Amino acid sequence: MKKELIELRVNRRTHEVASEPSALLLDVLRQQLQLTGSKRGCDDSSCGACTVLIDGVAMMSCTLLAASCQGQEITTIEGVSEHGSLSAIQKAYGDWGGAQCGYCTPGFIMTVKSLLAENPDPSEEDIRAALSSNLCRCTGYNQMYEAIRSAIHAERQAAATTK
Amino acid sequence: MSNDFSIIGKPTAMVDAAEKTTGSGKYTDDLSLPGLLIGKILHSPYPHARIKSIDTNRAEKLHGVVAVVIGKDAPKTYGILPVGHDEYPLALDKVRYVGDNVACAVATSEAIAEKALELIDVDYEVLPAYFDPEESMKAESHLIHDHKPNNLEKDYHHVFGDPEKGFAEADEVAEARFIANEVTHAAMEPHSTLAAFEVDPHTGKPGRLTVWSSTQVPYYLQHKLSLVLEMPMAQIRVIKPLVGGGFGGKSEVIPLEIIAAVAARKAQAPVKITYTREEVFWAHRGRPRTIVDLKTGVKKDGRITAVKARVVQDGGAYCSYGVVTILYSGALLGALYDIPNIQYDGYRVLTNKPACGAMRGHGTVNVRFAFESQLDELAAKIGMDPAEIRQRNLLEPPCITVNGLRVQSYGLPECIEETVKRSGWKDRKGKLGKGRGLGIACSHYVSGAANSIIRSDMPHSTVNIKIDRDGGVVVYTGASEIGQGSDTMTAQIAAETLGCSLSRVRVIAADTDLTPIDIGSYSSRVTFMAGNATLRAAQEVKKLIAAAAAKKMNCAEESLTFRDDSVSRNNGQTGALAPVDQAEQSPAATVSGRVEGQILRGSLQQKRKDEGPKGQMTFEEAVVAAIDFHGALTGTGSYAPPPEARGGKHKGAGVGPSPAYSYSAQVAEVSVDEDTGEVTVHKVWAAHDCGRALNPVSVEGQIIGSVWMGMGQALTEEMVWKDGMLMNPGLLEYRSPSAVESPSVEPIIVESIDPEGPFGAKECSEGSLAATIPAISNAIYDAVGVRLHESPFTPERVLAAIRAMKHAKSVNLTEGVDPTSPKRFREHGGSLWFKGKGPERHALDPCRHDVSAGGAE
């Protein structure tokens, strides 16, 4: 297939990319844009390691055609840190052991961001259900819940002090 | 030893946490090189076949294809064990499992390489195949490996003490068959390797090879590459990038790692090969399906008198770690409880399926499931509480078990007490109502094998430290970080010993050019062995710094305290500076021969002219002083297990001995739905004796992770086979649990402070997995009164057991769905290889043929 020029807006920057119409968003991110933070962990969109935000909604980039994402705001893990510092959820994942081998971590963080944007005060059930789209083989998920609660608390503290 | 540590024992974020949470860290598939080619592997569609011919011409002519490699391009065998060099990177004459590696095409894109595979013509002569280990053991012809009669990779027969006498003395004896089905690591990162040759400037020809690979064992990879490529190891550099999990699946050399190098050599360009998830399942090297025939005798007082275990492991098509796996199954019957008489007969059998290797807990897990379940049955027979029967059979260390294992630190008693207390065992067991129950089980594991895979006198780990004028501490360790926290452990031990802040330490790891050898991240050896080597290297450098600082501060070296980036003279007053001693001011000679003070520059020089000896120096000042005296500050430390820990002399005695064992005791609370057979695990209390928790956050994470993985094997994970084809090579079909299926785990850290571990630490990553499976099966018994002897405890199996107990008609869940499907085909390893009984294959189906398995027709 012949490559075509598409325009993708990723992490608030616009990129012109040459890719085949059949190219998946995950591959374009990883190869053409060298944004290797999003990972491939499976063949059948079952693991969530490729999760990115499309207009703020968590979606699996291995199941999206890059060309179909034109005009949308794509956020990858590389767009999560704030001004060169770790965001609350990133810091919390490190402090609480939410990441061990780290391979599933970018996908989880995107899912968590999507969850908290929609539901800033999720119950344990809400959190488990939201995280069920991402698989982890290292942590057993427990320390992730602690990390998420800690991040929610930290963001509330930060919001309170800036008032 | 003081317990007042500044770094050790404090919850610490991993030193690479930011790389992981920002996505900036590089795993192998994230790497690229100019001119990179992508490789794709052609796999065998047959479980057992001779390769008559391979024609790669059409593939090589495809535009974009740079090279195609086959077996003849690397006709040298290798294997992880010295006795098991039975694999070629690409099959030479025979394929032995569906998924075996036949050819590799490298091209300018993945799509072109995949297209090229379709253009490779392979002519196979299909052979009879073996899928059931007990059938395979009877094979007389069409052997999987010509040098292994009866398809028996290895068998062992051990007798310790007098088991017959022990059984005669028992008041109660239980005997049963247990089956643990096949599971695999399913690490989130698929295997990936990037190989590139450099040009040698002196010869002008291709020279050094660099390989980046997702591996737990970079040094074994370097060694096997050297064997197969017939290159000296000195010309091969292996670098381990971030690794997305291993659990044993990357603890041996996996075919793509060598294929990438062979392809790079032929293509004369860098080659990267990354497995698809399906290929990861085919590569496997997981835990074999195991049949355990177990017999245990106990007295009325609960004391175990004898154990007899016959273990058959369905090992797949190649040796892999097989000889070690079958030995662990017997060896670690010892060192948990005090068992005076043991008979062990182990059989590692070859079958035409992907090879099994080492997986978290190795050969100990499936036998532990059988033993802890049977012990529970015996407790019920003698009317004793299951927690109490375990407490009646404790070892009294320091001791050597009947099978030659040395036990020193032994936190099992405290683990049992803690888990019993926290779960409310005494008050709640048997009182949770119908369908809900508690179960208890114990397990243990080695902190590294006392005898290395490749026997030599070499240390198992060596670590170098460099401290330079900038005050930075660089630790060079061969130890492989795979997500378990080894880099962080290294930094913590160095920082604690030197009394410097963690941020001052930089860990350079697992690069065979830069770091001294560490034999790898497997059998949970890294904290104990590489940690000890790190400790010794740090102590060596500390001595140099102490000598210089003592001279500067005019005191004895022993009176110095290294802490919080300072070196202080300790006069019994914590924190306060001692009065300055002005008497001795004579300049001391330095290594350069010049009087100290003159070779320094700038403000420090001026400052030192004005001051006399003081009571405290910053870490940097102490380092500078030491460099003045000694030159560059480097330290090296090595660790090899002591001879006393290396075990007995009987055949196979080399596997099992360890310098220290970790211990685990767990209580699981489950509910069982009697109508559907579905088991829900509500909570697991898991107490683990790790010697000392160097990083509590990581230790808890490892305990939770291993309990979770044990639960996966207990309830949902199973590789399902049919005619040598894996039916479920996907994460959801394999049923790796997601967040909604995963229970709350309460990790309980027990610290027995091992006399030989670094700061007393032992392993914490594998020992807990094994106990979870029987804790759940014992809880199911408490809940609904059925004993499950086959894992995973799927709803089908649980329901069948409940119905059998109620003498209900057995329900054939496939009745009416597929009339040709034999009853309970899964329980037989999916073998439908009966002549005339299997489903009718389509005339054009390449797997259709009329040959039957086994010996003569």
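Residues numbered from 1 in each chain as written. Chains lettered and ligands numbered in written order. Predicted model: local features only at pLDDT ≥ 70, side-chain atom pairs only at ≥ 80, totals over all residues.

*Asks:* Requested: an account of the packing of helix H18 (residues 696-715) of chain B against helix H20 (residues 769-784) of chain B, with residues and values cited.
*Replies:* Residue and element names in this part refer to chain B. Viewed as axis vectors pointing N to C, H18 and H20 meet at an angle of 45 degrees, and their least axial separation amounts to 7 Å. Between H18 and H20, the angle falls in the class oblique. Relative to H20, the crossing made by H18 is right-handed. Note on element contacts: H20 touches H18 through Leu-769, Ala-770, Thr-772, Ile-773 and Ile-776, opposite Ser-706, Val-707, Met-709, Gly-710, Met-711, Gln-713 and Ala-714. When the residues that make up the contact of H18 with H20 are grouped by side-chain class, the tally is eight nonpolar, four polar and no charged. (Axes fitted to C-alpha atoms, helices over the stretch in contact; angles between N-to-C directions. Helix = DSSP H or I, 4+ residues; strand = E, 2+ residues; numbered from the N terminus. Parallel < 35°, antiparallel > 145°, perpendicular 65-115°, else oblique. Left-handed = near helix turned anticlockwise from the far one by under 90°. Contact = placed C-beta atoms within 7 Å. Nonpolar A, V, L, I, M, F, W, Y, C, P; charged D, E, K, R; others polar.)

*Asks:* With reference to specific residues and values, describe helix H15 (residues 526-553) of chain B.
*Replies:* Residue and element names in this part refer to chain B. The end-to-end C-alpha separation of H15 is 37 Å, in line with the 40 Å expected for 28 residues at 1.5 Å each. Summarising burial for H15: 22 of the 28 residues are buried, a large majority. Immediately beyond the C-terminal end of H15, within one or two residues, lies Asn-554, with a positive phi of roughly 55 degrees. (Expected span 1.5 Å × (residues − 1). Buried ≥ 20, exposed ≤ 12 C-beta atoms within 10 Å, placed from the backbone.)

*Asks:* Could you give me a rundown of the domain arrangement of chain A, with the residues and numbers involved?
*Replies:* Residue and element names in this part refer to chain A. Partitioning chain A into domains gives domain 1 (4-79) and domain 2 (88-162). Placing the centre of domain 1 and that of domain 2 at their C-alpha centroids yields a distance of 22 Å. Across the boundary between the two partners, domain 1 contributes 15 residues, which contact 13 residues of domain 2. Sorting the residues of the side of domain 1 that touches domain 2 by element identifies strand S3 (51-54) and strand S4 (57-60) as the ones contributing at least two each. Counting residues per element, the side of domain 1 that touches domain 2 draws most heavily on S3, which supplies three residues. Class assignment of the residues belonging to the side of domain 1 that touches domain 2 gives a composition of eight nonpolar, six polar and one charged. (Domains from an automatic or database assignment.)

*Asks:* Requested: an account of the domain arrangement of chain B, with residues and values cited.
*Replies:* Residue and element names in this part refer to chain B. Along its sequence, chain B is carved into domain 1 (31-127 + 189-244 + 250-283), domain 2 (149-184 + 285-452 + 646-799) and domain 3 (461-639). Distance between the C-alpha centres of domain 1 and domain 2: 36 Å. Contact residues are listed per partner, giving 20 residues for domain 1 and 22 residues for domain 2. In terms of residue class, the side of domain 1 that touches domain 2 is built from nine nonpolar, five polar and six charged.

*Asks:* Describe the sheet that holds strand S13 (residues 289-298) of chain B, and please don't skip the residues or the numbers.
*Replies:* Residue and element names in this part refer to chain B. With mixed pairing, the six strands of this open sheet are ordered in space as S7-S15-S14-S13-S8-S31. Edge strands, defined here as strands with exactly one partner in the open sheet, are strand S7 (152-160) and strand S31 (790-791). One ladder, built from eight bridges, connects strand S14 (residues 304-314) with strand S15 (residues 342-349); its direction is parallel. Its bridge partner lying in S15, Asp-314 is registered against Val-349. (Pairing = 2+ DSSP bridges.)

*Asks:* With reference to specific residues and values, describe the interface of chain B and chain A.
*Replies:* Contacts between the two partners involve 44 residues from chain B, matched on the other side by 41 residues from chain A. Listed by contribution, the elements that provide at least two residues to the side of chain B that touches chain A are helix H1 (17-22), helix H8 (277-283), H18, helix H19 (731-734) and strand S30 (744-750) of chain B. Ranked by residues supplied to the side of chain B that touches chain A, first place goes to H18 of chain B with eight residues. For the side of chain B that touches chain A, the per-class residue count stands at 20 nonpolar, 17 polar and seven charged.

*Asks:* Any details on the sheet that holds strand S24 (residues 616-618) of chain B? Residues and values, ideally.
*Replies:* Residues and elements named next belong to chain B. Strand order in the open sheet formed by three strands is S22-S23-S24, with antiparallel pairing between adjacent strands. A single partner strand is all that each edge strand has here, and the edge strands are strand S22 (560-563) and S24. Mean inter-strand twist for the sheet, computed between neighbouring axes without regard to direction, equals 15 degrees. Bridge analysis of strand S23 (residues 566-569) against S24 gives three bridges, and the strand direction is antiparallel. Looking across to S24, one finds that Val-567 is bridged to Met-617. Strands S23 and S24 of the sheet are contacted by helix H17 (residues 619-630), whose axis makes an angle of about 90 degrees with S24.

*Asks:* Any details on the environment of Gly-246 of chain B? Residues and values, ideally.
*Replies:* All names here are of chain B. Structurally, Gly-246 is set in the loop between strand S11 (236-239) and helix H7 (255-267). For the pair Gly-246 and Gly-302, spaced 56 residues apart in the sequence, the C-alpha separation amounts to 39 Å. With residues up to four places along the chain from it excluded, the contact list for Gly-246 reads Ala-187, Gln-216, Ser-251, Ile-482 and Ser-521.

*Asks:* Let's hear about the environment of Met-233 of chain B: which residues, and what values?
*Replies:* All names here are of chain B. Within the element layout of this structure, Met-233 appears in the loop between helix H6 (218-229) and S11. Take Met-233: there are 14 C-beta atoms within 10 Å of it, and that puts it in the partly exposed class. The sequence separation of Met-233 and Gln-222 amounts to 11 residues, and the corresponding C-alpha distance is 6.4 Å. Excluding anything up to four places from it in sequence, Met-233 contacts Gln-222, His-223 and Ser-226.

*Asks:* Could you give me a rundown of unusual backbone geometry, with the residues and numbers involved?
*Replies:* With an omega dihedral of 5 degrees, the bond running from Pro-397 of chain B to Pro-398 of chain B counts as a cis peptide bond. For Pro-398 of chain B, the location among the structural elements is in the loop between helix H11 (386-391) and strand S16 (399-400). Put simply, Ser-791 of chain B and Pro-792 of chain B share a cis peptide bond, and its omega is -5 degrees. Following the sequence through the fold, Pro-792 of chain B ends up in the loop between S31 and helix H21 (795-805). Although it is not a glycine, Tyr-141 of chain A adopts a positive phi angle of roughly 70 degrees. As for its position among the elements, Tyr-141 of chain A is in the loop between helix H4 (124-131) and helix H5 (142-162). Of the residues examined, Tyr-141 of chain A has 28 C-beta atoms within 10 Å and is grouped as buried. Even without being a glycine, Ser-524 of chain B presents a positive backbone phi close to 50 degrees.

*Asks:* Quick rundown of the environment of Thr-108 of chain B? Include the residues and the values.
*Replies:* Residue and element names in this part refer to chain B. Mapped onto the fold, Thr-108 is located in the loop between strand S5 (101-107) and helix H3 (110-118). Residue Thr-108 is classed as partly exposed on the basis of its C-beta count, with 16 C-beta atoms lying within 10 Å. Separated by 284 residues in sequence, Thr-108 and Arg-392 place their C-alpha atoms 66 Å apart.

*Asks:* Let's hear about the nonpolar core: which residues, and what values?
*Replies:* All names here are of chain B. Of all hydrophobic cores here, the largest spans 313 residues; its most connected members are Ala-103, Val-106, Ala-263, Ile-776 and Ile-780. Take this core: its biggest share by element is 15 residues, from H15. Contacts of Ile-776, omitting those with residues within four sequence positions, involve Gly-439, Ala-668, Val-670, Val-681, Met-711, Ala-714 and Phe-793. (Core = buried A, V, L, I, M, F, W, Y, C linked by C-beta atoms within 7 Å.)

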